[in-house]
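Descriptive structure summary
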Amino acid sequence: MRSGPGGKRARKAPPGGVRAEKGRSPTYVGAAGVALVATVFFAAMRGRLTAPPSALDSPPSRPVPAREARGPRVRHERAAEAGVAEAGPAEAAEQCVDLSEHCAYWAANGECASNPPYMLAECAASCGACAGARARADGASDEEDEVLRERRRAWPKCKDKAAECPLWARAGECAKNERYMMVQCALSCASCEMQDFATRCKRDPNATPAVLPGQMDEMFARIETSPEYARYAPRVVSRDPWIVVLDEFMSADEADEIVRVAMRDEGVHFTASQGTSGIDEDGTLIPTVSSYRTSHTNWCEDECIDQPAVAAVRQRVVSITGVPDVNHEFPQILRYTHSQYYNEHHDFIGEHSAMPCGPRVYTMFLYLSDVEEGGHTRFTQLNISVQPKRGRAVLWPSTLSAAPMEQDVRTHHVAEPVVRGVKYSVNLWLHMFDFKSANKISCTG
Ligand SMILES: O=C(O)CCC(=O)C(=O)O
Ligand SMILES: [Fe+2]
């Protein structure tokens, strides 16, 4: 059976300081800039710069280090467009290619120096910042090179996973973006021991489990019988395993508000939904985009997570399940348009069991829109199908009440293709232990 859906995993995007203008410190531009100006100059002298601006009908706009442009999937797409199969910026630097047709123009206009994080990633060739030129383009000194060589001798397996790591490290990103940098740029950040999953991600033996054996049954029975929850109009559609539909879990206004939040800057925030295809040597779940799942995903964090409607719903989920908010993954907002679906899968991801967060114990799935036809959530082994309806939620376990660390294989499910309308929905995955603290140190995959 396929592995489960990708959860909110270690932030794969490059460091925030290089994602947004605000992160660019003067030292950064200054130090890297001088070296880069020289690099670009010599690159130009070597004839690396190709089409001059006049070759373009109108000059391209300045390169924008937008969030969207920084995520790994988008990078891969861009690489594919540029004919660099499966290459990201690191590979692009190795192969010495540009990922944008505008690189030469931008480089000629000094962008390699004034916007190095973006330009080094996207325009390695035009900036003369290919692998061989990397150290000098970073402005690294001979002493720094020696420090890195020493570190490599002490930690032969330690590596930087992105070509830009030395530059980012010099810009202070190891501290500003610890979660990403300490694993992805371990060599440059002197955090080699952190690349070892077992060292970085030990579960606290005293961590409090959210669900003890038998408590799952108690929780579902409470939802069914307690007058406190009657306002959510709960309906038990299965008892073993438990599946409870809550027809009035959210108001129409709340659901609409969450869609509005999700739609902000839509092109940036919704990207193809990913699954996972395994785990790499430092404990990072490997994301995949495949025909198994064709929806689009928008992770609700940063400016989304505390929006009033989102916060109210999160609080409601805490109070109904008893699972504290720190155990919840960031809400995963989904959009399915015509014919989009998610094939049969289980939300339990085996690899989580060895992580500090432990397994997903519950899924609270929220429907934010009415769908004219299709888009049902169908539990394949139980012959149960839940129709999307704005405000409705469905709650089910991924593990067994009697053994809550173990998968309950009966809750496999599919998202049926949407036939008419658009389905907006949200996954809230609740873990056995603290997810958010573990996520901060890249220990949730
Ligand atoms: O869209 C649905 O109905 C279910 C989605 C789902 O199961 C998932 O994203 O894990
Ligand atoms: Fe699912």
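Positions within a chain are numbered from 1, following the residues in the order the chain's sequence is written. Chains and ligands are labelled sequentially in the order written, the chains with letters from A and the ligands with numbers from 1. Residues qualify for local features only when their pLDDT is at least 70, as the model is predicted, and side-chain atom pairs are given and counted only at 80 or more; totals for whole chains, interfaces and linings, by contrast, use all residues. Excluded from the side-chain calculations are hydrogens and water; all other atoms, namely the structure's heavy atoms, are used.

Here we take up the overall build of the chain. A tally of helices and strands in the chain yields 20 helices and 16 strands. Considering the chain as a whole, with its 445 residues, one finds that 53% of them fall into the buried category. Contact criterion: two residues are considered in contact whenever any of their non-hydrogen atoms come within 4.5 Å of each other. Partitioning the intrachain contacts of the chain with sequence separation of at least 6 by distance along the chain shows that 76% fall at a separation of at least 24. Residue-level accessible areas treat just the shown protein chains as cover; the underlying method is Shrake-Rupley with a 1.4 Å probe. A total accessible area of about 18,500 Å² is found for the chain, and carbon and sulfur atoms account for 54% of it. Runs of H or I in DSSP of at least four residues are treated as helices and runs of E of at least two as strands, each being numbered from the N terminus. The buried label applies to any residue whose accessible area, calculated with a 1.4 Å probe on protein chains only, is under 20% of its type's maximum; exposed applies above 50%, and partly exposed to all values in between.

Turning our attention to the nonpolar core. Among the buried residues, those of types Ala, Val, Leu, Ile, Met, Phe, Trp, Tyr and Cys that are joined through side-chain atoms within 4.5 Å form a nonpolar core. Core analysis: the largest hydrophobic core is formed by 41 residues, its most contacted members being Leu246, Phe249, Ile333, Tyr362, Met364, Leu366 and Leu368. Of all the secondary-structure elements, those providing two or more residues to this core are helix H16 (215-225), strand E2 (242-246), helix H17 (252-263), helix H19 (308-321), strand E9 (360-367), strand E13 (393-397) and strand E16 (423-431). Setting aside chain neighbours within four positions, we find tyrosine 362 in contact with Val211, Met216, Met219, Phe220, Val323, Leu395, Trp396, Pro397, Ser398, Leu428, Trp429 and Leu430. Membership of the second largest hydrophobic core comes to 16 residues, among which are Ile243, Val245, Ile384 and Val386.

A donor here means any N, O or S atom no more than 2.8 Å from the metal (3.2 Å for Na, K and Ca); water is not included, so a site may seem to lack partners. For the iron ion (ligand 2), the full set of protein donor atoms is His345 (NE2), Asp347 (OD) and His413 (NE2), and the range of their distances to it is 2.1 to 2.2 Å. Written as a sequence motif, the donor arrangement for the iron ion (ligand 2) is H-x1-D-x65-H. Residue aspartate 347 is located in the loop between strand E8 (342-345) and E9, and its partner histidine 413 is located in strand E14 (residues 413-415); the two are separated by 66 residues in the primary sequence. Grouping residues by exposure puts aspartate 347 and histidine 413 together as buried.

Our focus in this paragraph is the site of ligand 1. For this purpose, a residue is taken to be near a molecule or strand whenever a single non-hydrogen atom of the residue falls within 4 Å of it. Looking at ligand 1, there are 14 residues lining it, with Tyr336, Thr377, His413, Lys423 and Asn427 nearest. One of the side-chain nitrogen or oxygen atoms of aspartate 347 is found 3.2 Å away from an oxygen atom of ligand 1. The fraction of the free accessible surface of ligand 1 (290 Å²) that becomes covered by protein chains is 100%. Among the elements of the structure, strand E7 (332-336), E8, E14 and E16 are those that each provide at least two residues to the shell around ligand 1. Examining the composition of the shell around ligand 1, we find that three residues originate from one element, E16, more than from any other. For the shell around ligand 1, a count of residues per class yields seven nonpolar, four polar and three charged. Residues adjacent in sequence count toward polar contacts only when both atoms are side-chain atoms; beyond that, a polar contact is any pair of N or O atoms within 3.5 Å, and within protein one must be able to donate a hydrogen and the other to accept it. Three categories are distinguished: nonpolar for Ala, Val, Leu, Ile, Met, Phe, Trp, Tyr, Cys and Pro, charged for Asp, Glu, Lys and Arg, and polar for the others, with Gly belonging to the last.

The next thing to look at is the pattern of salt bridges. For this document, the term salt bridge refers to a Lys or Arg side-chain nitrogen within 4 Å of an Asp or Glu carboxyl oxygen. All chains considered together, the criterion is met by 23 salt bridges. With a shortest N-O distance of 3.4 Å, arginine 153 and glutamate 146 are connected by a salt bridge. Taking the relative accessible area as the measure of exposure, arginine 153 reaches 53% and is therefore exposed. One salt bridge in this structure joins aspartate 408 and arginine 410, with 2.9 Å as the shortest N-O distance. Here the salt bridges do not stand alone but share partners, grouping Glu146, Arg149, Glu150 and Arg153 into one network.

Here threonine 363 is to be found in strand E9. For threonine 363, a relative accessible area of 0% corresponds to the buried category. A distance of 2.7 Å separates the side chain of threonine 363 from the side chain of aspartate 347, its partner in a polar contact. In this structure, threonine 363 is in contact with Asp347, Val394, Leu395, Trp396, Ser398, Asn427, Leu428 and Trp429, ignoring residues within four places of it in sequence.

Moving on to the packing of aromatic side chains. Two aromatic rings from Phe, Tyr or Trp, using only the six-membered ring of Trp, form a pair when their centres are within 6.5 Å; if the ring planes differ by under 30 degrees the pair is stacked, by over 60 it is edge-to-face, and anything between is tilted. The full count for this structure, using the stated rule, is ten aromatic pairs. When the centroid spacing of 4.9 Å and the interplanar angle of 80° are considered together, the rings of phenylalanine 379 and tryptophan 396 count as edge-to-face. You can see phenylalanine 379 sitting in strand E11 (residues 377-379) and its partner tryptophan 396 sitting in strand E13, a full 17 residues away along the chain. In this structure, lysine 423 packs its charged tip against the face of tyrosine 336, placed 4.3 Å from the ring centre. We call a charge positioned above a ring when the Lys NZ or Arg CZ atom is no farther than 6 Å from the ring centre and deviates by at most 35 degrees from the ring normal.

Take the state of the cysteines next. Two cysteines joined by a covalent bond between their sulfur atoms form a disulfide. Whenever a pair of cysteine sulfur atoms sits within 2.5 Å, that pair is classed as a disulfide. With the rule as written, the count across this model stands at six disulfides. There is a disulfide in this structure between cysteine 103 and cysteine 123, and the S-S distance comes to 2.1 Å. Every disulfide takes its handedness from the sign of the S-S torsion; for cysteine 103 and cysteine 123 that torsion is -70°, giving left-handed. Taken together, the residues cysteine 103 in helix H6 (residues 103-108) and cysteine 123 in the loop between helix H8 (116-122) and helix H9 (134-137) connect sequence positions 20 residues apart. Cysteine 123 matches cysteine 103 in its accessibility class, with the two residues each being buried. Here cysteine 174 pairs with cysteine 189 through a disulfide, and the sulfurs are 2.0 Å apart. The sign of the S-S torsion, about -80°, decides the handedness of the disulfide formed by cysteine 174 and cysteine 189: left-handed. Residue cysteine 174 is located in helix H12 (residues 173-176), and its partner cysteine 189 is located in helix H14 (residues 186-189); the two are separated by 15 residues in the primary sequence. On the basis of relative accessible area, cysteine 189 is assigned to the buried category, the value being 15%. For the unlinked cysteine cysteine 357, the closest cysteine sulfur is that of cysteine 443, found at 8.8 Å.

Those residues carrying the UniProt feature "domain: ShKT" (unreviewed entry) are residues 96-130 and 158-192 in this numbering. Taken end to end, residues 158-192 has its terminal C-alpha atoms 5 Å apart, with 60% of it in helix and 0% in strand. UniProt positions are given in the numbering used here, feature names are shortened, and annotations may be inferred rather than shown by experiment.

The next thing to look at is the sheet that holds E2. Here, strands pair whenever DSSP counts at least two bridges between them. Ordered by their spatial adjacency, eight strands build an open sheet running E1-E2-E13-E9-E16-E7-E6-E3, and the pairing between neighbours is antiparallel. The open sheet terminates on both sides in strands that have one partner only, identified here as strand E1 (234-239) and strand E3 (271-272). Pairing of E9 with E13, which is carried by five bridges, proceeds in the antiparallel orientation. From the neighbouring strand, threonine 363 faces E13, where its bridge partner is tryptophan 396. Against the sheet, H16 touches E1, E2, E9 and E13, its axis set at about 30° to E2. Only C-alpha atoms enter the line fits that serve as axes; for helices the fit covers just the stretch in contact. Angles between N-to-C directions range over 0 to 180 degrees.

Glancing now at the pairing of E13. Judged by how many residues are buried, E13 sits mostly within the fold: five of five residues are covered. Alternating residues of E13 divide into Ala393, Leu395 and Pro397 and Val394 and Trp396, and every residue in both groups is buried.

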